[in-house]
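Chain by chain, the residues:
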Amino acid sequence: MRILVVEDDPDLNRQMVTALTEAGYAVDSATDGEDGHFLGDTEPYDLVVLDIGLPIMDGISVLEQWRRDGRTMPVLILTARDRWSDKVQGIDAGADDYVAKPFHMEEVLARIRALVRRAAGHASNEIECGPVRLDVRSGRVSVNGNPVKLTSHEFKVLEYLMHHRDRVVSRTELTEHLYDQDFDRDSNTIEVFVGRLRKKVSNDLIETVRGLGYRIVTPSDAV
Ligand code: CA
């Protein structure tokens, strides 16, 4: 999952990028509204954390413009504690949730997990697919109740595919959603991860749809 952080306070920006990276997300960041707007407009993010008070272009305008242009990614806004009007304006402009400053990073992380899973149509942190169970929060995967050890990249690939299990996911899409802007992207590595997932998790879980990408095979398909 790939996240954009738009926050002009350099310390807070850095803290958020670090915390999100440690939590396993690919993260890009911007420190003003114009850069933030551009990135959100041109890169496919699974979620954006957007400060309201930003230089050059304020967060509300950034959000309004994205929504006008049909960008539907979940947006979590950061508001000042005492500015209730920011929250109302932000939600009316198309924000999905807000956190008031100062906040605990754990709260931000929990809200992000909730927004990402809701955007993919899941109500809980655990996604099940036949015998395979993936816990987004703990990063654990099990097959028939037996834990499987995955590297963080293997986990990210499986998580993304399971989140979007109702459709075919292309290699390009996986690459774009799993790596940040600066990452040296090579879509062949995705193939390697999928191969390892088949070995470690289940041989029948991930189907290759020739020329299109990968798809999670749900038990109902397999019958
Ligand atoms: Ca600010």
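Structure: above.
The shown structure was predicted, so the numbers you read here are calculated from the model rather than taken from an experiment. (Residues numbered from 1 in each chain as written. Predicted model: local features only at pLDDT ≥ 70, side-chain atom pairs only at ≥ 80, totals over all residues. Heavy atoms only, no water.)

Trainee: What am I meant to see in the coordination of the calcium ion here?
Mentor: Working reference: metal with six octahedral donors, ideal angles 90 or 180 degrees; metal with four tetrahedral donors, ideal angle 109.5 degrees. Of the protein atoms, only D8 (OD), D51 (OD) and G53 (O) coordinate the calcium ion, at distances of 2.2 to 2.3 Å. Each donor residue of the calcium ion belongs to the same chain, and together they define the spacing D-x42-D-x1-G. Assessed through its relative accessible area of 4%, D51 is described here as buried. A relative accessible area of 48% places G53 in the partly exposed class. (Donors = N, O, S within 2.8 Å, 3.2 Å for Na, K, Ca; no water. Buried < 20%, exposed > 50% of the residue type's maximum accessible area, 1.4 Å probe, protein only.)

Trainee: I would appreciate a short explanation of the packing of helix α2 (residues 33–42) against helix α3 (residues 59–68) in the present structure.
Mentor: Axis angle and axis distance: for two packed helices, these are the angle between their axes and the distance between the axes, and together they describe the pair. Where α2 meets α3, the axes come as close as 10 Å, and the angle between the chain directions of the two elements is 20 degrees. By the angle between their axes, α2 is roughly parallel relative to α3. The crossing of α2 and α3 is right-handed. For the pair α2 and α3, the contacting residues are G33, G36, H37, G40 and D41 in the first and V62, Q65 and W66 in the second. When the residues that make up the contact of α2 with α3 are grouped by side-chain class, the tally is two nonpolar, five polar and one charged. (Axes fitted to C-alpha atoms, helices over the stretch in contact; angles between N-to-C directions. Helix = DSSP H or I, 4+ residues; strand = E, 2+ residues; numbered from the N terminus. Parallel < 35°, antiparallel > 145°, perpendicular 65-115°, else oblique. Left-handed = near helix turned anticlockwise from the far one by under 90°. Contact = heavy atoms within 4.5 Å. Nonpolar A, V, L, I, M, F, W, Y, C, P; charged D, E, K, R; others polar.)

Trainee: Just checking my understanding: could you explain unusual backbone geometry for this structure?
Mentor: Outside of glycine, negative phi angles account for most residues, and trans bonds account for most peptide bonds. Cis geometry marks the peptide bond from K101 to P102; its omega dihedral reads -5 degrees. Within the secondary structure, P102 sits in the loop between β5 (97–101) and α5 (105–119). In the Ramachandran plot, N144 falls in the positive-phi region, its phi being about 50 degrees despite a non-glycine side chain. With respect to the helices and strands, the residue N144 is situated in the loop between β8 (140–143) and β9 (146–148). The class of N144 is exposed, set by a relative accessible area of 62%.

Trainee: What exactly am I supposed to notice about the pairing of β5 here?
Mentor: It is a general feature of regular strands that their side chains alternate between the two faces of the sheet. By the bridge criterion, five bridges tie strand β4 (residues 75–80) to β5 in an arrangement that is parallel. The residue bridging I77 from the neighbouring strand is Y98, located in β5. (Pairing = 2+ DSSP bridges.)

Trainee: Even after reading the chapter, I still don't get the packing of helix α1 (residues 10–22) against α5, so can you show me in this structure?
Mentor: Where α1 meets α5, the axes come as close as 11 Å, and the angle between the chain directions of the two elements is 55 degrees. Here α5 runs oblique to α1, going by the angle between their axes. Crossing of α1 over α5 shows right-handed handedness. Between α1 and α5, the contacting residues are Q15, M16, A19 and L20 on the first element and M105, L109 and I112 on the second. Per-class residue counts for the contact of α1 with α5 are six nonpolar, one polar and no charged.

Trainee: Could you clarify how one ought to interpret the nonpolar core in this entry?
Mentor: Nonpolar side chains in soluble globular proteins generally cluster together in the buried interior. Formed by 48 residues in total, the largest nonpolar core has its most connected members in I112, V157, L158 and L174. In terms of domain composition, this core takes at least three residues from each of domain 1 (2–119) and domain 2 (126–221). Apart from the residues within four sequence positions on either side, L174 is in contact with V157, Y160, L161, V169, I190 and Y214. Counting residues in hydrophobic clusters, the runner-up holds 19 residues, among them L4, V6, I60 and M73. (Core = buried A, V, L, I, M, F, W, Y, C linked by side-chain atoms within 4.5 Å. Domains from an automatic or database assignment.)

Trainee: Please clarify how the pattern of salt bridges should be interpreted in this entry.
Mentor: Oppositely charged side chains are able to pair whenever their charged atoms sit close together. The tally for this structure, following the rule as stated, stands at 17 salt bridges. Of the charged contacts, one joins E154 and K200 as a salt bridge, the two residues approaching to 2.8 Å between their closest N and O atoms. Placement of the pair is E154 in helix α6 (residues 152–163) and K200 in helix α8 (residues 187–200), with a sequence separation of 46 residues. Note on E154: relative accessible area 1%, which makes it buried. By sharing partners, the salt bridges in this structure join R2, D28 and E43 into a single network. (Salt bridge = Lys/Arg side-chain N within 4 Å of Asp/Glu carboxyl O.)

Trainee: I keep staring at the sheet that holds strand β7 (residues 132–135) and nothing clicks. Help me out?
Mentor: Sheets are built from strands that pair by backbone hydrogen bonding, the pairs being arranged parallel or antiparallel. In space, the four strands of this open sheet follow the order β6-β7-β8-β9, with antiparallel pairing throughout. Each of the sheet's edge strands pairs with one partner strand only, and the pair in question is β6 (126–129) and β9. Taking each pair of neighbouring strands and ignoring which way they run, the sheet shows an average axis angle of 25 degrees. When β7 meets β8, the two strands line up antiparallel, connected through four bridges. Across the sheet, residue L134 finds its bridge partner in β8, namely V141.

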